[in-house]
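In case you want the letters, here they are:
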Amino acid sequence: MSQKAEFEKIAEDVKNVKTRPSDQELLDLYGLYKQALVGDINTDRPGMLDMKGKAKWDAWNSRKGMSNDDAMSAYITLGKEVISKYGM
């Protein structure tokens, strides 16, 4: 299975875990997912009243400079840990 195919499969499987992962795990997954698909962040940071948007922006921005392939590999690794921890 190619890395991209495995990435897409893990991305779908993570959505179906039995228990909701922690906020930090979700933010880490989000940041890696966006970095793998889009690359470096390309939007302005949301305003101070958008707490969720800021957290997601910060999670993605923390991956700035990481290559798409490295982000994909890290996402696959973290996704497998989340699936193993919370079950399907």
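Residues numbered from 1 in each chain as written. Predicted model: local features only at pLDDT ≥ 70, side-chain atom pairs only at ≥ 80, totals over all residues. Heavy atoms only, no water.

(A) Highlighting the packing of helix 1 (residues 3–14) against helix 4 (residues 68–86). Closest axis-to-axis distance for the helix 1/helix 4 pair is 9 Å, and the angle between their directions is 40°. In terms of axis orientation, helix 1 runs oblique to helix 4. Judged by the twist between their axes, the crossing of helix 1 over helix 4 is left-handed. Residues Gln3, Lys4, Glu6, Phe7, Ile10, Ala11, Asp13 and Val14 of helix 1 form the contact with helix 4, whose participating residues are Asp69, Met72, Ser73, Tyr75, Ile76, Gly79, Lys80 and Ile83. Broken down by class, the residue content of the contact of helix 1 with helix 4 amounts to eight nonpolar, three polar and five charged. (Axes fitted to C-alpha atoms, helices over the stretch in contact; angles between N-to-C directions. Helix = DSSP H or I, 4+ residues; strand = E, 2+ residues; numbered from the N terminus. Parallel < 35°, antiparallel > 145°, perpendicular 65-115°, else oblique. Left-handed = near helix turned anticlockwise from the far one by under 90°. Contact = heavy atoms within 4.5 Å. Nonpolar A, V, L, I, M, F, W, Y, C, P; charged D, E, K, R; others polar.)

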